[in-house]
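Here are the chains, one letter per residue:
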Amino acid sequence: MEMTPAVAFEETNISSTKTKKKRGETMSQEDRKEKRTKQGDMKSTQEEEVNWALVEELQEYMPHIKKKCLSQIKKMLGCDLQRFRKFKQQGVPARLGRFSEQENQQIRENIAGFMALTGISSVEKLLFPKRFKEDQVTITRLKKEHRFMERIADEIPRPCHQVYLRALKMFDEKNHMGRFSEEELATLIRFHNLYGNNWKLISEKMDRSVYSLQKRFATVGVDHGVWSADEERRLKQAVREHLETQARKGLPGSGLSRDQLCKRLPWREISQKVQTRSWVQCRTKWS
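Residues numbered from 1 in each chain as written. Predicted model: local features only at pLDDT ≥ 70, side-chain atom pairs only at ≥ 80, totals over all residues. Heavy atoms only, no water.

1. With respect to the packing of helix H4 (residues 101-118) against helix H8 (residues 160-171)
When two helices pack together, their arrangement is captured by the angle between the axes and the distance separating the axes. As a packed pair, H4 and H8 sit with axes 11 Å apart at the nearest point and diverge in direction by 90 degrees. The orientation of H4 relative to H8 falls into the category roughly perpendicular. Together, Asn104, Ile107, Arg108 and Ile111 of H4 and Val163, Arg166, Ala167, Met170 and Phe171 of H8 make up the contact between the two elements. (Axes fitted to C-alpha atoms, helices over the stretch in contact; angles between N-to-C directions. Helix = DSSP H or I, 4+ residues; strand = E, 2+ residues; numbered from the N terminus. Parallel < 35°, antiparallel > 145°, perpendicular 65-115°, else oblique. Contact = heavy atoms within 4.5 Å.)

The structure is reproduced here in structure tokens:
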């Protein structure tokens, strides 16, 4: 059947369009491949910049450091390595689990000392500078100049970032706003569906602290009901790995105290290994 000039032109045009589209798809695939290659090269460069011998040294005090991203590892090497070397010389072991009242008091003293040093007028300004737009730049500069993260963790044998998170929890008034209403719970679940684990954004929208939102969501945002045999196995394995690490740090034959076995376990890390249960559920099940 002979095609008319119009039909022939249309088919030629369609063919040309398909060819261009295919080329575009090919180029897009090539671009993606090149992007992945660049990302791989960048990651390799970052890995080369990390002194892994020092990471091995720090791992004695922070067993899970290699599971952190490279940027976090570099920050920990800068903030924590010298501190833990000093603690080792003093015979002070690293601490895990719940903060003691003595540690809480040390945090209060460290914050008071930093405020006196820098002239920052309130704890809220120091820990939550984003709430004070007019002073934020100055506060951030002062914290960087005077090595805020190390000073706030002074005399506390824990990673600086862990101490910082504890300070946020202690001094954020939005942590203590009472029970969540049914409406708030529904809003929390809806926001988490929209924004995932962007807790800072959810905190701004709900006017609650990050910690209180994370803790409340932990009881509603994961599996409920009877634990499966596989979940129990993962819980026991996670606890066992932690206790074995603690036992290796102790004196030969000294064993582990009841406090170490039951009360001072790193439940957030354990829940991450269990995968399907919150830290609250893991702690309750183990108890």
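Next comes the rest of the write-up.
2. With respect to the environment of alanine 238
Turning to its location among the elements, alanine 238 is positioned in helix H12 (residues 229-249). Judged by relative accessible area, which is 3%, alanine 238 ranks as buried. Taking C-alpha positions, alanine 238 is 6.3 Å from lysine 273, a pair spaced 35 residues apart along the chain. Aside from chain neighbours lying at most four places away, what touches alanine 238 is Ile270 and Lys273. (Buried < 20%, exposed > 50% of the residue type's maximum accessible area, 1.4 Å probe, protein only.)

3. Quick look at unusual backbone geometry
If you check the backbone angles, glutamate 155 has positive phi at about 70 degrees while not being a glycine. Within the element layout of this structure, glutamate 155 appears in the loop between helix H7 (148-152) and H8.

4. Description of the confidence of the model for the protein chain
Mean pLDDT for the protein chain: 79, with 76% of residues reaching 70 or above. Confidence, expressed as mean pLDDT per element, reaches its minimum in the protein chain at helix H1 (residues 5-49) with 52 and its maximum at H4 with 96. A low-confidence stretch, residues 17-26 stays under pLDDT 50, and its non-local contacts, those more than four residues away or across chains, total zero contacts. (pLDDT = per-residue confidence, 0-100.)

5. Let's talk about the pattern of salt bridges
Enumeration over the complete set of coordinates arrives at 15 salt bridges. We note a salt bridge from arginine 158 to glutamate 103, for which the minimum N-O separation is 2.8 Å. Residue arginine 158 is found in the loop between H7 and H8, and its partner glutamate 103 is found in helix H4; the two are separated by 55 residues along the sequence. Assigned by exposure class, arginine 158 and glutamate 103 land together as buried. (Salt bridge = Lys/Arg side-chain N within 4 Å of Asp/Glu carboxyl O.)

6. Brief notes about the nonpolar core
By size, the foremost hydrophobic cluster in this structure holds 21 residues, and its most contacted members are Ile107, Ile111, Leu126, Leu127, Phe148, Ile152 and Val163. Within the residue set of this core, elements represented by two or more residues are H4, helix H5 (123-127), helix H6 (136-145), H7 and H8. With six residues, the top contributor of residues to this core is H8. Not counting the four nearest positions on each side in its chain, isoleucine 111 is found in contact with Val123, Leu126, Leu127, Ile152, Ala167 and Phe171. Residues Val50, Ile73, Leu77 and Leu81 belong to the second largest nonpolar core, which totals 14 residues. (Core = buried A, V, L, I, M, F, W, Y, C linked by side-chain atoms within 4.5 Å.)

7. Quick word on the side chain of arginine 166
If you trace the backbone, arginine 166 turns up in helix H8. Glutamate 101 provides the closest opposite charge to the buried, salt-bridge-free arginine 166, at an N-O distance of 6.3 Å. Polar contacts involving the side chain of arginine 166 include one to the side chain of asparagine 104, which spans 3.0 Å. The residues contacting arginine 166, other than those within four sequence positions of it, are Phe99, Asn104 and Ile107. (Lys, Arg positive; Asp, Glu negative; His and termini not counted. Polar contact = N/O pair within 3.5 Å; in protein donor to acceptor, adjacent residues only side chain to side chain.)

8. Things to note about the packing of helix H9 (residues 182-195) against helix H11 (residues 210-218)
As a packed pair, H9 and H11 sit with axes 11 Å apart at the nearest point and diverge in direction by 95 degrees. Overall, the two elements H9 and H11 adopt an arrangement that is roughly perpendicular. Touching Leu185, Leu188 and His192 of H9 are Leu213, Arg216 and Phe217, all from H11. Tallied by class, residues from the contact of H9 with H11 come to four nonpolar, one polar and one charged. (Nonpolar A, V, L, I, M, F, W, Y, C, P; charged D, E, K, R; others polar.)

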